[in-house]
Amino acid sequence: MTRRTHGAEQPATGSTARDHLANERTYLAWLRTGISVAALGVAVAKFAPHRGAHAVAAGLILLFAGLLVSAYGTVRYRSVARQLNAGVFAPASFGAVTTAGAVTVLALIAVLVLI
C-alpha cells in the first residue's frame, strides 16, 4: 500500500529514501536555526527597552538574518531534491558559505548597534 504525499511518489529504495529523508532533516535544521535567530531578534527588541531605538534596530537586523537563513534553507532543500531526483548532486559550497557569512556579519552589526 502506498501513501500519498505532497511530492511525486517514488519507489522507497534504501538509498533514495535515505537521501531524501536526510535532505528533509537538513532543511528542518535550517528552519530551526532561522527561527531561533529571528526569535533572538524579537527578544532583543522586546526585552532590551533601555536601549530604545538601538534595541529595535538590532532586533530587526537579527530578524532579517533569521529570515535569510530560512529562505536559503528552503532554496537549498528544493535544489537538492531536484538533484536527487535527477540522480546527480552538487555540494553547496558558495551558497552555504555566503549565507553563513552574511548572517555572521548581520549578527556582528546587531551587536555593535546594541552596544
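Check the entry above for the structure.
Reference entry: report on the structure contained in this document.

Some remarks on the environment of Ile 35
Then comes step 1: As for its position among the elements, Ile 35 is in helix H1 (residues 14–47).
Then comes step 2: For the pair Ile 35 and Gly 66, spaced 31 residues apart in the sequence, the C-alpha separation amounts to 5.9 Å.

A word on the side chain of Asn 23
Then comes step 1: With respect to the helices, strands and loops of the structure, Asn 23 is situated in helix H1.
Then comes step 2: Look at Asn 23 and you get buried, because its relative accessible area is 8%.
Then comes step 3: Of the polar contacts made by the side chain of Asn 23, one reaches the backbone oxygen of Tyr 77; its length is 3.2 Å.
Then comes step 4: Residues in contact with Asn 23, not counting those within four places in the same chain, are Tyr 77, Val 80, Ala 81 and Leu 84.

A closer look at the packing of aromatic side chains
Then comes step 1: The final tally for this structure, using the stated rule, is 2 aromatic pairs.
Then comes step 2: Seen from their ring centres, Tyr 27 and Tyr 77 are 4.7 Å apart, and the 25° between their planes marks the pair as stacked. Of this pair, Tyr 27 sits in helix H1 while Tyr 77 is found in helix H2 (residues 53–86), placing the two residues 50 residues apart along the sequence.
Then comes step 3: Using a relative accessible area of 27% as the deciding quantity, one classes Tyr 77 as partly exposed.
Then comes step 4: On the basis of an interplanar angle of 70° and a centroid distance of 4.9 Å, the ring pair of Trp 30 and Tyr 72 is categorised as edge-to-face. With Trp 30 in helix H1 and Tyr 72 in helix H2, this residue pair connects regions lying 42 residues apart in the sequence.
Then comes step 5: Overall, Tyr 72 belongs to the buried group, its relative accessible area being 14%.

Topic: helix H3 (residues 93–114)
Then comes step 1: Counted at 1.5 Å a residue, the expected span for H3 with its 22 residues is 32 Å, and the 32 Å between its end C-alpha atoms agrees.
Then comes step 2: Within H3, the full set of buried residues consists of Thr 99, Val 103, Leu 106 and Ala 110. Here the buried residues of H3 occupy an arc of 65° about the axis, which is enough to place them on one side. The exposed set on the far side of H3, more than 90 degrees from its buried face, consists of Ser 93, Phe 94, Val 97, Leu 108 and Leu 112.

What counts and how
- Residue indices follow the written sequence of each chain, beginning from 1 at its first position.
- Note on the predicted model: pLDDT of at least 70 is required for a residue's local features to be given, and 80 or more for side-chain atom pairs to be given and counted; whole-chain, interface and lining totals, by contrast, use all residues.
- Water and hydrogen atoms play no part in the side-chain values, which are based on all heavy atoms of the structure.
- To qualify as a helix, a DSSP run of H or I must reach at least 4 residues; to qualify as a strand, a run of E must reach at least 2; elements of each kind are numbered from the N terminus.
- Burial status follows relative accessibility: with a 1.4 Å probe on protein chains alone, a residue under 20% of its type maximum counts as buried, one over 50% as exposed, and anything between as partly exposed.
- N or O atoms closer than or at 3.5 Å make up a polar contact, with two conditions inside protein: a donor-capable atom paired with an acceptor-capable one, and, for residues adjacent in sequence, both atoms drawn from side chains.
- Here a residue-residue contact requires only that any non-hydrogen atoms of the pair lie within 4.5 Å.
- Ring pairs shown here join Phe, Tyr and Trp side chains whose ring centres sit within 6.5 Å, with only the six-membered ring taken for Trp; geometry is labelled stacked below 30 degrees between planes, edge-to-face above 60, and tilted in between.
- Expected helix span is given by 1.5 Å per residue-to-residue step, counting one fewer step than there are residues.
- By definition, the arc is the one covered by directions from the helix axis to the C-beta atoms.

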